[in-house]
Amino acid sequence: MNSELLIKNGRVIDPANGVDTECDVLIIDDKIADVGKIEKPAQKVIDATGKLVTPGLIDIHVHFREPGDEEEETIASGSSAAVAAGFTSVVCMPNTKPPIENETDVEYIHRKARQARKTHVYTMGAITKKREGVELAEMGFMAEAGAVGFTDDGRGVQDQSVMLRALKYADMFDVIVAQHCQDNGFAGNGVMNAGYYSTILGLPGIDPLAEEAMLWRDIQLVKKTNVRYHALHISTSGSVELIRAAKKDSLPITCEVTPHHLLLTDECCAEYDTNYKVNPPLRSAKDIEALKEAVAEGLIDALVTDHAPHLQSEKELEFLAAPFGIASLECVLSLYVKALIEPGILAWPALIRLMAEKPAKIIGVDKGTLGVGKQADVTIIDPKAEYEIDVNKFRSKSKNCPYHGWKVTGMVEKTIVGGEIRYEA
Amino acid sequence: MAIKRKSKQLKWRRKHLLGLRELNAEEITYILDTAKGFELISTRSVKKAPPLRGKVVVNLFFEDSTRTRNSFALAANRLSADVIEFTKKTSAVSKGETLLDTARNLEAMGIDIIVIRHSAGGAPKLLSRNINACVINAGDGFCEHPTQGLLDVYTIRKIKGTLDGLKIAIVGDIAHSRVARSDMWAMTKLGAEVIFVGPPTLMPTQVRRLPVSVSYSLDEVIEKVDVINMLRIQFERLGGNPFPSVREYSHYFGLTVERMKRAKPDILVMHPGPINRGLEMESEVADGRNSVILEQVTNGLAVRMAVLFLVNQAAAQGD
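Residues numbered from 1 in each chain as written. Chains lettered and ligands numbered in written order. Predicted model: local features only at pLDDT ≥ 70, side-chain atom pairs only at ≥ 80, totals over all residues.

**Some points on the overall build of chain A**
- Scanning chain A for helices and strands turns up 13 helices and 18 strands.
- Compactness check: chain A gives a C-alpha radius of gyration of 21 Å against a globular reference of 22 Å for 425 residues, within 12% of the reference.
- For chain A, the spread of C-alpha atoms along the three principal axes comes to 65 × 45 × 45 Å.
- When each of the 425 residues of chain A is scored for burial, the buried share is 60%. (Helix = DSSP H or I, 4+ residues; strand = E, 2+ residues; numbered from the N terminus. Rg over C-alpha atoms; globule rule 2.2 N^0.38 Å. Buried ≥ 20, exposed ≤ 12 C-beta atoms within 10 Å, placed from the backbone.)

**A look at the overall build of chain B**
- Within chain B one finds 11 helices and 10 strands.
- In terms of overall dimensions, chain B is globule-like: its C-alpha atoms have a radius of gyration of 19 Å, near the 20 Å expected for 319 residues.
- Projected onto its principal axes, the C-alpha positions of chain B cover 55 × 50 × 35 Å.
- For chain B, the residues scored as buried account for 47% of the 319 residues in total.
- Considering only contacts in chain B between residues 6 or more positions apart, those separated by 24 or more positions represent 77%. (Contact = placed C-beta atoms within 7 Å.)

**Quick word on the interface of chain A and chain B**
- At the interface, 19 residues of chain A touch 26 residues of chain B.
- For the side of chain A that touches chain B, the leading source of residues is helix α6 (residues 196–201) of chain A, giving five residues.

**Regarding helix α1 (residues 75–84) of chain A**
Residue and element names in this part refer to chain A.
- The buried fraction of α1 amounts to nine of the 10 residues, a majority that puts the element mostly inside the structure.
- Regarding α1, the residues found buried are Ile75, Ser77, Gly78, Ser79, Ser80, Ala81, Ala82, Val83 and Ala84.
- The inward-facing, buried residues of α1 abut β6 (57–62), β7 (87–92), α2 (103–116), β8 (120–123), β17 (407–417) and β18 (420–424).
- Looking one or two residues beyond α1, the residue adopting positive phi is glycine 86, at roughly 90 degrees.

**Quick notes on the sheet that holds strand β13 (residues 229–231) of chain A**
All names here are of chain A.
- One open sheet holds the five strands; their spatial order is β9-β10-β13-β14-β15, and the pairing between them is parallel. Where the open sheet ends on each side, the last strands, each with one partner, are β9 (149–150) and β15 (302–303).
- Here strand β14 (residues 253–257) runs beside β15; their pairing, made up of two bridges, is parallel. Within β15, the residue paired with glutamate 256 across the bridge is alanine 302. (Pairing = 2+ DSSP bridges.)

**Digging into the sheet that holds strand β6 (residues 167–171) of chain B**
Residues and elements named next belong to chain B.
- Read from one edge to the other, the open sheet built from five strands follows the order β8-β7-β6-β9-β10, with strand pairing classed as parallel. What marks the edges here is a single partner per strand, and that holds for β8 (213–215) and β10 (268–270). Here the average twist between neighbouring strands, direction ignored, is 20 degrees.
- With three bridges joining them, strand β7 (residues 193–197) and β8 adopt parallel strand pairing. Each residue of the ladder has a partner; that of valine 197, found in β8, is serine 215. (Axes fitted to C-alpha atoms, helices over the stretch in contact; angles between N-to-C directions.)

**Concerning the pairing of β7 of chain B**
Residues and elements named next belong to chain B.
- Of the pairings in the sheet, the one linking β6 to β7 comprises five bridges and is parallel in character. When the bridges of β7 are listed, alanine 169 appears paired with isoleucine 195.
- Handedness of the β-α-β unit built from β6, helix α6 (residues 178–189) and β7 comes out right-handed. (Right-handed = clockwise from strand over helix to strand, strands pointing away.)

**A look at the domain arrangement of chain A**
All names here are of chain A.
- Domain annotation of chain A identifies domain 1 (4–52 + 375–424) and domain 2 (56–363).
- Taken together, the 29 residues of domain 1 in the interface contact 44 residues of domain 2.
- If you list the elements that add at least two residues to the side of domain 1 that touches domain 2, you get β16 (378–388), β17 and β18.
- Considering each element in turn, the side of domain 1 that touches domain 2 owes the most residues, six residues, to β17.
- Of the residues assigned to the side of domain 1 that touches domain 2, the class counts are 16 nonpolar, seven polar and six charged. (Domains from an automatic or database assignment. Nonpolar A, V, L, I, M, F, W, Y, C, P; charged D, E, K, R; others polar.)

**Describing unusual backbone geometry**
- Omega for the peptide link from glutamate 66 of chain A to proline 67 of chain A comes to 5 degrees, which places this bond in the cis form.
- The topology assignment puts proline 67 of chain A in the loop between β6 and α1.
- Between glycine 273 of chain B and proline 274 of chain B the backbone carries a cis peptide bond, its omega angle lying at -10 degrees.
- Following the sequence through the fold, proline 274 of chain B ends up in the loop between β10 and α10 (283–286).
- The backbone of arginine 131 of chain A sits at a positive phi, close to 55 degrees, despite the residue not being glycine.
- Looking at the element boundaries, arginine 131 of chain A is found in the loop between β8 and α3 (139–144).

**Brief notes about the packing of helix α3 (residues 99–108) of chain B against helix α4 (residues 123–130) of chain B**
Residue and element names in this part refer to chain B.
- Running from N to C, α3 and α4 point in directions that differ by 50 degrees, and their axes come no closer than 10 Å. As the angle between them shows, α3 and α4 are arranged oblique. Crossing of α3 against α4: the hand is right-handed. Along its contact with α3, which presents Leu99, Leu100 and Ala103, the element α4 presents Ala123, Leu126, Leu127 and Asn130.
- Residues belonging to the contact of α3 with α4 are distributed by class as follows: six nonpolar, one polar and no charged. (Parallel < 35°, antiparallel > 145°, perpendicular 65-115°, else oblique. Left-handed = near helix turned anticlockwise from the far one by under 90°.)

**So, the nonpolar core**
- Ile114 and Leu308 of chain B are the most contacted members of the largest nonpolar core, which has 235 residues in total.
- Setting aside residues no more than four positions away along its own chain, isoleucine 114 of chain B makes contact with Val58, Leu60, Ala103, Leu106, Leu127, Ala133 and Val135 of chain B. (Core = buried A, V, L, I, M, F, W, Y, C linked by C-beta atoms within 7 Å.)

**Digging into the environment of alanine 213 of chain A**
- Of note, alanine 213 of chain A is situated in helix α7 (residues 208–225).
- What alanine 213 of chain A contacts, discounting residues up to four positions off in sequence, is Asp183 and Phe186 of chain A.

**Comments concerning the domain arrangement of chain B**
Residue and element names in this part refer to chain B.
- Along its sequence, chain B is organised into domain 1 (16–144 + 300–318) and domain 2 (146–296).
- The straight-line distance from the C-alpha centre of domain 1 to that of domain 2 is 25 Å.
- Domain 1 puts 23 residues into the contact, and the matching count from domain 2 is 19 residues.
- Classifying every residue of the side of domain 1 that touches domain 2 by side-chain character gives 12 nonpolar, six polar and five charged.

**Let's talk about the environment of glycine 344 of chain A**
Residues and elements named next belong to chain A.
- Looking at the secondary structure, you find glycine 344 in the loop between α12 (332–341) and α13 (348–363).
- The class of glycine 344 is exposed, set by 8 C-beta atoms lying within 10 Å.
- Distance from glycine 344 to alanine 296, taken between C-alpha atoms, is 9.4 Å for residues 48 residues apart in sequence.

Okay, here's the thing in structure tokens:
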């Protein structure tokens, strides 16, 4: 006996198929069986009147800290947070302890995700062994085990010849190579954006050039190799210009932004609140404008969180000593509503496109749409629900979130993963 | 007690002194006026007054210091406080007990005022947010060194009468100098015009957004200024190689006898110490008739007494 789930009367948004209309979605077992006006009865019916019914959201940049820092987050806790945030798939970054650098490591992530039974969890593998930027990691074995990309995230690959080799070698496997663009020579020991605020706060700064120099270099390497490349969390107006030029040249380059680089500036660091310490650092209002323009222009391919959980005890240190990172997975949809929908930069279909369809393409998985026959990953959103962000209600183990107390709009109602309701508000 | 009360009293309400950026001119002047009263105590045969009797001041120093630490200890002693010295030579990023835990432990012993020096900008603010004791910043990273800024303006005001309208050059490694920042806030708030002088590689990011002008030429500036504050080249903080050699640095930015010949005859020569003789300035200048370097040290004591007195008073009023 098949199990049926019918979602009635929602505003169904499926950008991949050009759908944005009030209708119904029928799920049989773990597949989308039909989309349209469906009159026949089903075993289980969800009334989605006034709600958005979208492809399951996909966050291609999270840190679940397992293995190594399970006190900060685990795949189980992170997965619970993810489904509560509407994500049916996430991609873990490989900067765990030890880093993800062989097929056993990749399989470990997958096993933990199966046990957690919440969201689909993918992982990227490291580009280089121990993320040291010297010798290539076993990309082939990792790709065969299901790694959806490679990155040394947390660091950029400093040596240009190593990066060139990585891109060339990755061409065998058709998986994305993703870079945390930061030239350490320019970044030095910086802990926030280099600018007026770093000057008056007496903190070492990270110049925008640190990001732009490496992005520029990588674009030259992509020109040479024509291998798919993804720029992680771009944060500066200069990076936007580089991406614009690269896309004009039709290079196989994609990029992503985070909510904090669209909502917060380096002025937020003025009280030395370490919840604003993040890498790349919070930049200026001018950079926010450039990034928002880039989103409007279609230059940005994915909206991510860069969910980076840390213990309160670590964030209670001096600004210089505290770790980089913001944990915002559970409120990220409403943050993007605030940053992009409320100011009229994007409409809902365009937002869903950047949170489902295009991220799926970047990591090369057959997801991100409600096409008939596709896996039944569906998110139901109440676009009008208002709430106050409360870190104490987070399922994530970490509370290092600067948005605590913000009043926001847009709530996840239900998250359906492979036909199963894994989260209900 | 030897504190002159003005008829129009400003009510001092701050139980912490974290920096001079957050103070207004009136508050800065109030500290200076309070310090003036305390200066007299040091000239008496019994160099002690009772206002901090029964209070405990801890000198929590995570960086080397002789002058500032001793000055605070002596200031607290003269106000009859008990002083605990807590010196810990660890970097901010090293493992072990966190700053907050250290401070909470001290607080559990019943201390009233923490005087902190730390290599991380913002460390005093972190403490002030998390503990009940008063916090006085004795230098945090390259953010601020408020009592140094105060003693600098105190010294200038004492000799020149006012800072209003004075031209003041601050010369050297501005980028890594907490003294330059505290001086800038205090001096400009009191009406002086501040010129930062040094090589571009030692200027902070977006220096032009600060309320100062910038010059790369000491020779151009030397003739115009009423006060010149020569910063110490802090070799321990310099990253990389911001100037090619000590020889070349001294050539452009050293205060030499030759350069002093073109200065105003009543120019005040200041230095926060310790001096690298022959590097920032020649010995003849450091010890010359325009030098007020030792007066700065003397005045530092009165200023620190005033600050200890005021934060303690504010804390008592808050209770």
